[in-house]
Amino acid sequence: MTAITKSVDLDRRGRVAVLTVNNPPVNALSQHVRQGLYEGLKQAISDSAVQAIVIVCAGRTFIAGADITEFGKPPADPSLHTVLDIIEASPKPVVAAIHGTALGGGLEVTLACHSRVGVKDARFGLPEVKLGLLPGAGGTQRLPRVVGVEKALSMMVSGDPIRADEALKAGLVDEIVDGDLTAAGVAFAEKALSEKRPLKKIRDLDDKLAAVRGKPEVFANFRKSVARQTRGFRAPENIVKAVEAAVSLPFETGLKRERELFVELLNSPESKAQRYFFFAEREAAKIPDVPPDTPAKEIKKAAVIGAGTMGGGIAMNFANVGIPVTVVEVQQEALDRGLGIVRKNYETTASRGRLTMADVEKRMGLIRGTTDFNAIADADIVIEAVFEEMPIKKEVFAKIDKIAKPDAVLATNTSTLDVNEIASATSRPESVIGTHFFSPANVMRLLENVRGAKSSKTAIATAMAVGRRINKVPVLVGVCYGFVGNRMLHQRGIQAEKLILEGALPHQVDRVLYDFGFPMGPFAMGDLAGLDVGWRIRKGRGVKSPVADRICELGRFGQKTGAGYYKYDEKRNPTPDPDVEKIIVDVSTEMGITRRPISDEEILQRLLYPMVNEGAKILEEKMALRASDIDVIWVYGYGWPVYRGGPMFWADSIGLEALRDTMLGFQRKTGDAFWTPAPLLNRLADAGKGFLDR
Ligand code: 3H9
């Protein structure tokens, strides 16, 4: 065995050379990997004793793509293109032997090879779109030649990998193998040699492209089918353009076009934000004082207290990953209703073809409903999801304390209450932690794990691990009103209300946020969630919100009553309502406010800058570990467009000085202390720094 570089070895098995990449954790194509592959191939090609070459990877996966940390730095030779050229031009067959995930540049390496074999649980994908990029090493030109234009478009625009059986069917792999992968790759190469198979270069294939040549409607239909989910993103359109080039241009010219489109994306703000977010998401898993080796409790059984909308949704998360879960309710009727909704949710998913009825039954079989509180006794984690009222929560926790296993993690799904006070109702506050799920809890990816003053490291490690296990993105936050997400949302809400009183209308405010990239604005969101919830809370607290209160007094609770801030037709399509406009104008008049036209720019600044300012306070109070955690919360919990990174990244891209000065301008105009910049914002603005380079 010869070490070509620190990450690539060359070995020989009879007449077959084996190049092994070993660049943990995911065998990304760092410079030394490219160098190793290039030099290794050169040696193997010039070695007369070698007749075929196998490329295989050590560790947990095949090459998972280009090394993302190299983007934005000066390019270092050899380029990936140079490596692919030498593979494809090799006079000796090159076979890729694949396990784990062949992703991005990794899959592109295999597409330059003459054959591909993979183990049965391997996955194949071009996920560059998730980084705001396109496959820039021939992927947009080669993949359609193998799997056809429509499949290639769908793989590249979704970025989702396909399984080995699907890859085999699509012609993306030649054979599924088992046993020792290197041996299987060598055996395949031997077979190719003994059968004297001609070298198959994907660049020479044309039949799948010819099938759509002169049919622009294929692309038009595809664009239409993805328009909604790709709104605001730049990469999907460039991917489609690159595939159009594959169909209409010779291979080499197509590659050049791919390059242009790739470079355009690489330099785009959208891709910079998405690449930042890739690492932000992974960073959120890291907690400085709870290192990865902290023992986490293995969750074999879970229990959820409360079968309401949240409780049912939380239980589904466990059942979805095969963890038995007990749901406890006080009344049989409420339990039946809650579990009935869970079943209906699963059946709806099945009716859309995303689950089989057997899956539905299997999952329902993992959810056990009971009115007997003692049934939580064998649960490794107990999650309370009852009414958001402190006395009730404390009563429930006192009860849990008496029954739950001594080492169980006790979690509360509170969204507003003090986790420390809840924990004080137990004899083991170290086992208590907040797990703030977002509605619908079975769908939304965000999980705010709330660290109480006494939460143990094991409780934290367990909440983070179980969050990942149930396919959430857990982010650790501290105890404060609204935690991180809702605390910032509240600031936005205050301004939304002021804006409509000063002269804007709900649909203008909503449109500005929709155009920014949110799925909807605050008024449409209120109508969706139900305006009665906030109304009831306000009445309980003796707080007023003149416009919202008047709308609710008319029985307009939002979508469910066919009217709220908007009117809805039977398909729940909204239209602005003159009656609401009249209410708003009346309230303005009663309050002595002279309405004025408000620009979209002012609306955006007044909605989002206060969120950033609150984010600065949250950071200073250490309620979030880092600015990027806040961004993760906003992207996964509130639909902040990922191509704008998140509020803190976005603020940095505007410049904190400009942002702060705009806030001061609003303060001068209104005299409102609301606009006082947070001390951290001031300090960073003065120092010319951003939240992310603190
Ligand atoms: C591309 O290929 C462009 C080309 O078309 C051509 C250009 C010319 N680079 O996710 P994990 C790190 S674009 C550098 O927790 P998992 C990651 O940050 C690329 N680092 O593991 C983390 O570090 P840390 C196309 C990378 O098992 C550690 O590895 N490819 C890269 O849950 C473990 O990651 C992609 O977009 C990378 N490419 O999931 C694939 N990938 O431990 C991106 C990961 O310090 N990667 N790291 O926090 C993934 O989707 C997942 O990492 C993967 C493993 C599925 C592979």
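Note that the structure is a prediction, hence the values are computed from the model and not measured. (Residues numbered from 1 in each chain as written. Predicted model: local features only at pLDDT ≥ 70, side-chain atom pairs only at ≥ 80, totals over all residues. Heavy atoms only, no water.)

### A word on the pattern of salt bridges
Next up, step 1: Here the structure, examined in full by the defined rule, presents 49 salt bridges.
Next up, step 2: Between R487 and E614 there is a salt bridge, with the nearest N and O atoms lying 2.8 Å from each other. Placement of the pair is R487 in helix 19 (residues 485-502) and E614 in helix 25 (residues 600-620), with a sequence separation of 127 residues.
Next up, step 3: Residue D629 pairs with R626 through a salt bridge whose shortest N-O separation is 3.1 Å. In this pair, the class of D629 matches that of R626, namely buried.
Next up, step 4: Within this structure, E88, R142, R203 and E252 form a network of salt bridges that share partners. (Salt bridge = Lys/Arg side-chain N within 4 Å of Asp/Glu carboxyl O. Helix = DSSP H or I, 4+ residues; strand = E, 2+ residues; numbered from the N terminus. Buried < 20%, exposed > 50% of the residue type's maximum accessible area, 1.4 Å probe, protein only.)

### Considerations on the sheet that holds strand 8 (residues 123-125)
Next up, step 1: Spatially, 6-8-9 is the arrangement adopted by the three strands of the open sheet, whose pairing is mixed. Looking at the sheet topology across the chains shown, the edges are occupied by strand 6 (101-103) and strand 9 (162-163).
Next up, step 2: Two elements, strand 8 and strand 9, share two bridges in a ladder whose sense is antiparallel. By the bridge assignment for strand 9, F124 is matched with I162.
Next up, step 3: Contacting strand 6 and strand 8, helix 3 (residues 105-112) runs over the sheet at an angle of about 85° to strand 6. (Pairing = 2+ DSSP bridges. Contact = heavy atoms within 4.5 Å. Axes fitted to C-alpha atoms, helices over the stretch in contact; angles between N-to-C directions.)

### Some details on the domain arrangement of the protein chain
Next up, step 1: When cut into domains, the protein chain gives domain 1 (2-266), domain 2 (302-483), domain 3 (486-590) and domain 4 (656-694).
Next up, step 2: Taking the mean C-alpha position of each, domain 1 and domain 2 sit 43 Å from one another. (Domains from an automatic or database assignment.)

### A few points about the side chain of E258
Next up, step 1: Among the secondary structure elements, E258 is positioned in helix 11 (residues 251-266).
Next up, step 2: For E258, which is buried and forms no salt bridge, the nearest opposite charge comes from R259, at a distance of 6.6 Å.
Next up, step 3: If near-sequence neighbours (up to four positions away) are discounted, E258 is found in contact with H81, L134, P135, G136, A137, G138, G139, T140 and Q141. (Lys, Arg positive; Asp, Glu negative; His and termini not counted.)

### Examining the packing of aromatic side chains
Next up, step 1: Applying the stated rule across the entire model yields 18 aromatic pairs.
Next up, step 2: Ring centres of F516 and W650 lie 5.4 Å apart, and the angle between their planes is 85°; this geometry places the pair in the edge-to-face category. Taken together, the residues span a long stretch of sequence, with F516 in helix 20 (residues 506-516) and W650 in helix 27 (residues 647-654) at a distance of 134 residues.
Next up, step 3: Taking 6.0 Å as the distance between ring centres and 55° as the angle between the ring planes, the aromatic pair formed by Y609 and W650 counts as tilted. Within this pair, whereas Y609 is found in helix 25, its partner W650 is found in helix 27, the two being separated by 41 residues in sequence.
Next up, step 4: Given the relative accessible area of 5%, Y609 is considered buried.
Next up, step 5: A connected cluster of aromatic rings, assembled from ring pairs, spans F438, F516, F518, Y609, W634, Y638, W640 and W650.
Next up, step 6: Over the ring of F518 we find R492, and its NZ or CZ is 5.2 Å from the ring centre. (Phe/Tyr/Trp six-rings, centres within 6.5 Å; stacked < 30°, edge-to-face > 60°. Lys NZ or Arg CZ within 6 Å of the ring centre and 35° of its normal.)

### A few points about the environment of V247
Next up, step 1: Looking at the secondary structure, you find V247 in helix 10 (residues 235-248).
Next up, step 2: Among the residues examined, V247 registers a relative accessible area of 6% and is labelled buried.
Next up, step 3: Between the alpha carbons of V247 and M1 there is a distance of 43 Å; along the sequence they are 246 residues apart.
Next up, step 4: Contacts of V247, omitting those with residues within four sequence positions, involve V149, L209, V212, R213 and F219.

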